[in-house]
Amino acid sequence: MTSSSDPTAALLDAVTVTARRLAGDDGVSPALDPSPRPEMGDYSTNAAMMLAKPLGRPPREIAAELATSIEEELGDALEKTEIAGPGFINLFLGDAWYREAAAAMASTGAAAVPPVPESERIIVEFVSANPTGPLTAASGRHAAYGDSLSRILRAAGNAITTEYYVNDGGTQVENFAASIAARMTGDEPPEDGYKGTYVNELAERAKAEGHEPADLERLARTGVAWMVEGIRGSLENFGVEMDDFFSERSLYEDNLVDRGIERMREAGHVFDDDGAVWLRTTDFGDDKDRVLIRSSGEVTYFGADVAYHVDKIERGHDRLIDVLGADHHGYVPRMAAAMEALEGGKAEFEAQIMQLIHLVEGGQRTKMSKRAGDIVTLDELTEDIGADAARWFLLQRSHNQTIDLDLDLARSQSSENPVYYVQYAHARIQSILRKAAEEGGEADGDILAAPADPSEKALVSKLLEFPGQVHEAAEKRAPHRICAYASETAAAFHAFYRDCQVVGAEGEGVEAARIQLCGVTAETIRQSLALLGISAPDRM
RNA sequence: GCCCCCGUAGCUCAGCUGGAUAGAGCGCCGGCCUUCUAAGCCGGAUGUCGCAGGUUCGAAUCCUGCCGGGGGUGCCA
């Protein structure tokens, strides 16, 4: 993880080494964080407080001892140390340290992220909305989250596949076909059918292409194909990279369901009762056993889904991440149990539960029911406020949190959307770099010797956080942290912009150093936005 | 009944594998464009971190109980 070329890692190494030496314990891992306030130095560590208990000595006393060792370890890079509060050691760094740090980022690639020590092959399944209607704004939240999470996990060094499970079998597809048929003949859809206006459009198209209302089988297949086509388009417009669409029906055609159930039967976890075939998920922590094949002979959704997950494992994935809606959380224990029953922990199953999103319009929450047709679609949302803004709104909060998205606000104040704040910083930098290129030729001098303004140091410090932020977002499955980081980075740049002239700056090496810093900042912002699936415009 | 999410500023929410004076955006009040993009910057006001105990040198953060809001709990998908 750490490398000597990473400036903050070098600081942390020095702190860790001295702390371990004093404690005689290789397990001690002190933290090094940017100081909360300038008077508290540049970085601070809690090392002394962590050692207080094992050593049985007052933290400030330990801190004094550690500080001396740290100063010896770091030499000239360090201006001074101070002991503060309950026992924090604050490190004060010189301008040269920041110039070297910026230069290191410029040479290794600003946004270089060291890979996780144990890289995994991960398949992320998300959206997987029924192909009986267009994607809703709620699906959009799943799409934004799953896509961004995948990008972040990939950036952290994992091998990622993204997949959409198409539920093209089952009763809801029959209802769907019946609804189209009804509209073709001018009737109302059945009670539990689909009533959205898009069904009328499908009915028109079916008629135009010579479908018979009586041929429900064919209507179902074609209708689903049309919807999947539309869903692919919606995701594409939304900037989602979906590697595969996996058909539920193909499970039957490839005989994967029978095979999966057979394997579970061999493992001794399947039993027959009341004419149905059950999986004894209670052996693995579920609160009741689950039906795989109904007494009618039909395979349940669960039965098919288990077979699908088995297939994911057989394709060689170490970890299966399912992004599921809050209404599916009760489903998690049984799938986890099934995976345990079958594979005995060969692969990790992990569910990420999305909480609800409420769209607020005219001060009222809109109900979203696909069957009633009372929906705001993802396409409408994308068209309303743009894919970039939509993705930002959907990603900026934890996926684990119910959110209100005020559509009126998103529309009317789109120019004040936080995403523009970040994009604007990027565009501003590009403008500076264009001007620097036009007036080029004078940007030389010793960059490392150039003095650094406080807002330059703050910006460098923020940029240095990028790899750690990516790893933290990956570990916590939390894209919203990247939103926060991108905003902070933009703010640090805007402050720098206020304080520091770049092109034509006075002083030995200062202009060159600042141009370099601008380049590193632009790259970091661009990469951050890329992790969110948001564009980084050069002009606004 | 059982399970999951949530309760932090007027609003929407970060922070929650414990650390210094609890943050951001929006909204509100007041300033800043002859200078690389004012979609920006600076200053100001606003908090019983739901309540009560416990653990700790230290709790918004961890533990227990309670209150309040939302969701789930099918031989549906």
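Scroll up to find the structure this text is about.
Residues numbered from 1 in each chain as written. Chains lettered and ligands numbered in written order. Predicted model: local features only at pLDDT ≥ 70, side-chain atom pairs only at ≥ 80, totals over all residues. Heavy atoms only, no water.

Some details on the overall build of chain A
What chain A contains, in helices and strands, is 20 helices and 15 strands. With 540 residues in all, chain A has 51% of them scored as buried. Once local pairs closer than 6 in sequence are excluded, the contacts in chain A between residues at least 24 apart make up 72%. For chain A, the computed accessible surface area is about 23900 Å², with 47% contributed by carbon and sulfur atoms. Seen as two clouds, the 51 positive and the 91 negative side-chain charges of chain A have centres 3 Å apart. (Helix = DSSP H or I, 4+ residues; strand = E, 2+ residues; numbered from the N terminus. Buried < 20%, exposed > 50% of the residue type's maximum accessible area, 1.4 Å probe, protein only. Contact = heavy atoms within 4.5 Å. Areas by Shrake-Rupley, 256 points an atom, 1.4 Å probe, with all protein chains shown as cover. Lys, Arg positive; Asp, Glu negative; His and termini not counted. Charge placed at Lys NZ, Arg CZ, Asp CG, Glu CD.)

Things to note about helix α10 (residues 256–266)
The set of residues buried in α10 consists of Leu256, Val257, Gly260, Ile261 and Met264. Along α10, the residues classed as buried sweep out an arc of 130° about the axis, all on the same side. Remark: Gly268 follows α10 within two positions and exhibits a positive phi of approximately 85°. (Arc of directions from axis to C-beta.)

With respect to the protein's contact with RNA strand B
Neighbouring RNA strand B are 58 residues; Phe88, Arg397, Tyr424, Arg428 and Ser431 lie closest to it. Atoms of RNA strand B within 4 Å of the protein: sugar and phosphate make up 63%, bases the balance. In the environment of RNA strand B, a sugar or linking oxygen lies 2.8 Å from a nitrogen or oxygen atom belonging to the side chain of Gln172. Between RNA strand B and Ser295, the relevant distance is 3.1 Å, taken from a base oxygen to a main-chain nitrogen or oxygen of the residue. Those elements that provide at least two residues to the surface near RNA strand B are β4 (88–93), α6 (171–184), β9 (276–279), β15 (403–406), α16 (418–438) and α19 (480–499). (Near = heavy atom within 4 Å. Polar contact = N/O pair within 3.5 Å; in protein donor to acceptor, adjacent residues only side chain to side chain.)

Let's talk about the environment of Tyr424
By secondary structure assignment, the location of Tyr424 is in helix α16. Of the residues examined, Tyr424 reaches a relative accessible area of 39% and is grouped as partly exposed. With 29 residues separating them along the chain, Tyr424 and Asp453 place their C-alpha atoms 22 Å apart. Once residues within four sequence positions are removed from consideration, Tyr424 is found in contact with His494 and Met540.

Description of empty space enclosed by the protein
Counting across every chain of the model gives two cavities of 30 Å³ or more. Here the largest cavity is characterised by a volume of approximately 50 Å³. If you trace the largest cavity, you find it lined by Leu256, Arg259, Gly260, Arg263, Ala307, Val310, Asp311 and Glu314. When the residues that make up the lining of the largest cavity are grouped by side-chain class, the tally is three nonpolar, one polar and four charged. The computed volume of the second largest cavity comes to approximately 40 Å³. What lines the second largest cavity is simply Arg141, Tyr145, Met354, Leu394, Leu395, Arg397, His399, Pro479 and His480. Split by residue class, the lining of the second largest cavity holds five nonpolar, two polar and two charged. (1 Å grid on protein atoms, 1.4 Å probe; cavity = no way out; pocket = protein on both sides within 12 Å on 5 of 7 lines; lining within 4 Å. Points joined across faces, edges and corners; volume = space filled by probe spheres on them. Nonpolar A, V, L, I, M, F, W, Y, C, P; charged D, E, K, R; others polar.)

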